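# Coordinate analysis (summary)
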Amino acid sequence: MSKLISILLSGFILIQSFQITLEDIMQIDELIEHAKFHKQEYGDNFFVFLSKHYGELKAEHSKTNQEEQSDHEQLPFQFQGQSTVLLAFLSSNYHTDFSRFKIKKIAESNFHYLNLYVSQHDKELLQPPRQA
């Protein structure tokens, strides 16, 4: 059961990394309908259809077929997102003089050590050899 859950979660993470959303999955039927339209109208196979809508022929196809623009907007996987990272470096003329701060030294310590180790032997366990 744990293997099944780990496989499902890893598949879910893989799908999210491709940025496939639930809305894209719901629009797959429109993709199939539009592919059938292209096959009937232009005689395109599925790979040419994908190239016209997602590949290198996309710009040419959108210029020549303006009347299908509303159908093209309904196709899935039209993600136009981007990632932006903004870095801001603020320069200020405010300088802090740390020499005016005084460090207060506390002479009294709040440390107490109690040796709780009790040896079980009368003598040391390891004794160095004695010189006679």
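Residues numbered from 1 in each chain as written. Predicted model: local features only at pLDDT ≥ 70, side-chain atom pairs only at ≥ 80, totals over all residues. Heavy atoms only, no water.

## Details of the overall build of the protein chain
Check the secondary structure of the protein chain and you find 6 helices and 0 strands. Helices and strands in the protein chain line up, N terminus first, as α-α-α-α-α-α. Here the protein chain holds 132 residues, and 13% of them are scored as buried. Of all intrachain contacts in the protein chain linking residues separated by at least 6 positions in sequence, the fraction that spans at least 24 positions is 42%. A total of about 13,200 Å² of accessible surface is found on the protein chain, and carbon and sulfur atoms cover 59% of it. (Helix = DSSP H or I, 4+ residues; strand = E, 2+ residues; numbered from the N terminus. Buried < 20%, exposed > 50% of the residue type's maximum accessible area, 1.4 Å probe, protein only. Contact = heavy atoms within 4.5 Å. Areas by Shrake-Rupley, 256 points an atom, 1.4 Å probe, with all protein chains shown as cover.)

## Brief notes about the pattern of salt bridges
Taken as a whole and assessed by the stated rule, the structure comprises 1 salt bridge. The shortest N-O distance in the salt bridge between Lys52 and Asp44 comes to 2.7 Å. (Salt bridge = Lys/Arg side-chain N within 4 Å of Asp/Glu carboxyl O.)

## A few points about the packing of helix H3 (residues 28-41) against helix H4 (residues 46-54)
Their axes nearest at 10 Å, the elements H3 and H4 cross at an angle of 110°. Taken together, the axes of H3 and H4 are roughly perpendicular relative to one another. When the axes of H3 and H4 are compared, the crossing they make is right-handed. On H4, the residues that touch Leu31, His34, Ala35 and His38 of H3 are Phe46, Phe49, Lys52, His53 and Tyr54. Of the residues that constitute the contact of H3 with H4, the class distribution is 5 nonpolar, 3 polar and 1 charged. (Axes fitted to C-alpha atoms, helices over the stretch in contact; angles between N-to-C directions. Parallel < 35°, antiparallel > 145°, perpendicular 65-115°, else oblique. Left-handed = near helix turned anticlockwise from the far one by under 90°. Nonpolar A, V, L, I, M, F, W, Y, C, P; charged D, E, K, R; others polar.)

## Side note on helix H1 (residues 2-17)
An ideal rise of 1.5 Å per residue puts 22 Å on 16 residues; H1 measures up with 22 Å between its terminal C-alpha atoms. Two residues or fewer after H1 comes Gln19, characterised by a positive phi angle close to 60°. (Expected span 1.5 Å × (residues − 1).)

## A word on H3
Here H3 contains 14 residues, and its C-alpha end-to-end distance of 20 Å stays within 8% of the 20 Å for a straight helix at 1.5 Å per residue. Regarding H3, the residues found buried are Leu31, His34, Ala35 and His38. End-on, the buried residues of H3 take up no more than an arc of 105°, which puts them together on one face. Across H3 from its buried face, at more than 90 degrees, point the exposed residues Glu33, Lys36 and Gln40. (Arc of directions from axis to C-beta.)

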